[in-house]
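Fold and contact review
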Amino acid sequence: YASRFVGGLATGSTMPRLAVALLLSIGAWLLQVATYHVTARAAQLPIPLAGSITALLVVGVSFLVRATPGNVGVFQVAYLLASRSFGMPDAPALAVALLIQALQVGPTLLAGAVAARGIGGHDRSSGPSGLTSSAARS
């Protein structure tokens, strides 16, 4: 299995594919930095760009510790500690951390709820088996 896996990597990893993967990764990181920085600035936290980059890296490293579901709390503490090193006040930095996490998690939760409704949804007049109940027929 391992030799087939390594062989598949060797044949599937072409320079154009690696270049596209690298460009997409760089783009994703740039969008993450933009999310952190624009959110902080919109909330009137005067953190410099270097502070937003530092916060992103510190929060990323904090994900190595899975202490809570969705890293709620851990995310905020990591952001707070990173922003403190740039002289940012705690309360606004905590608010920005909550906003950033809401911006990142909210759309995913919404998409999941919509997808779950589409997959598991059924007519309200029918029961779980899809058969129409006697009350709905009358």
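The coordinates are above.
Read on for a plain summary of the structure. (Residues numbered from 1 in each chain as written. Predicted model: local features only at pLDDT ≥ 70, side-chain atom pairs only at ≥ 80, totals over all residues. Heavy atoms only, no water.)

**Observations regarding unusual backbone geometry**
Only a minority of non-glycine residues have a phi that is not negative, and only a minority of peptide bonds are not trans. A positive phi angle is found at Gln-44, which is not glycine, with a value near 65 degrees. Counting through the fold element by element, Gln-44 comes out in the loop between α2 (15-42) and α3 (49-62). (Helix = DSSP H or I, 4+ residues; strand = E, 2+ residues; numbered from the N terminus.)

**A closer look at the packing of aromatic side chains**
Using the criterion set out here, one finds 3 aromatic pairs in the structure. When the centroid spacing of 6.1 Å and the interplanar angle of 45 degrees are considered together, the rings of Tyr-36 and Tyr-79 count as tilted. Taken together, the residues span a long stretch of sequence, with Tyr-36 in helix α2 and Tyr-79 in helix α4 (residues 74-84) at a distance of 43 residues. Tyr-36 gets classed as buried once you look at its relative accessible area, which sits at 2%. The rings of Tyr-36, Phe-63, Phe-75 and Tyr-79 are connected pair by pair, giving a single aromatic cluster. (Phe/Tyr/Trp six-rings, centres within 6.5 Å; stacked < 30°, edge-to-face > 60°. Buried < 20%, exposed > 50% of the residue type's maximum accessible area, 1.4 Å probe, protein only.)

**Some thoughts on the packing of α2 against α3**
Two elements in contact, α2 and α3, have axes separated by 9 Å at closest approach and are oriented at 115 degrees. As judged from the angle between their axes, α2 and α3 are roughly perpendicular. Seen from above, α2 lies across α3 with right-handed handedness. On α3, the residues that touch Trp-29, Gln-32, Val-33, Tyr-36 and His-37 of α2 are Leu-49, Ser-52, Ile-53, Ala-55, Leu-56, Leu-57 and Val-59. Partitioned by chemical class, the residues of the contact of α2 with α3 number 9 nonpolar, 3 polar and no charged. (Axes fitted to C-alpha atoms, helices over the stretch in contact; angles between N-to-C directions. Parallel < 35°, antiparallel > 145°, perpendicular 65-115°, else oblique. Left-handed = near helix turned anticlockwise from the far one by under 90°. Contact = heavy atoms within 4.5 Å. Nonpolar A, V, L, I, M, F, W, Y, C, P; charged D, E, K, R; others polar.)

**Some remarks on α4**
By the criterion of burial, α4 is predominantly enclosed, with 8 of the 11 residues buried. Those residues of α4 not exposed but buried are Val-74, Phe-75, Gln-76, Ala-78, Tyr-79, Leu-80, Ala-82 and Ser-83.

**Thoughts on the nonpolar core**
In globular proteins that are soluble, nonpolar side chains generally tend to be buried together. Membership of the largest hydrophobic core comes to 18 residues, with the highest contact counts inside it found for Tyr-36, Leu-45 and Tyr-79. Within the residue set of this core, elements represented by two or more residues are α2, α3, α4 and α5 (90-120). No other element matches the 5 residues that α4 contributes to this core. Apart from residues no more than four positions distant in its own chain, Tyr-36 is found in contact with Ser-52, Ala-55, Leu-56, Val-59, Phe-75, Tyr-79, Ile-100 and Gln-104. (Core = buried A, V, L, I, M, F, W, Y, C linked by side-chain atoms within 4.5 Å.)

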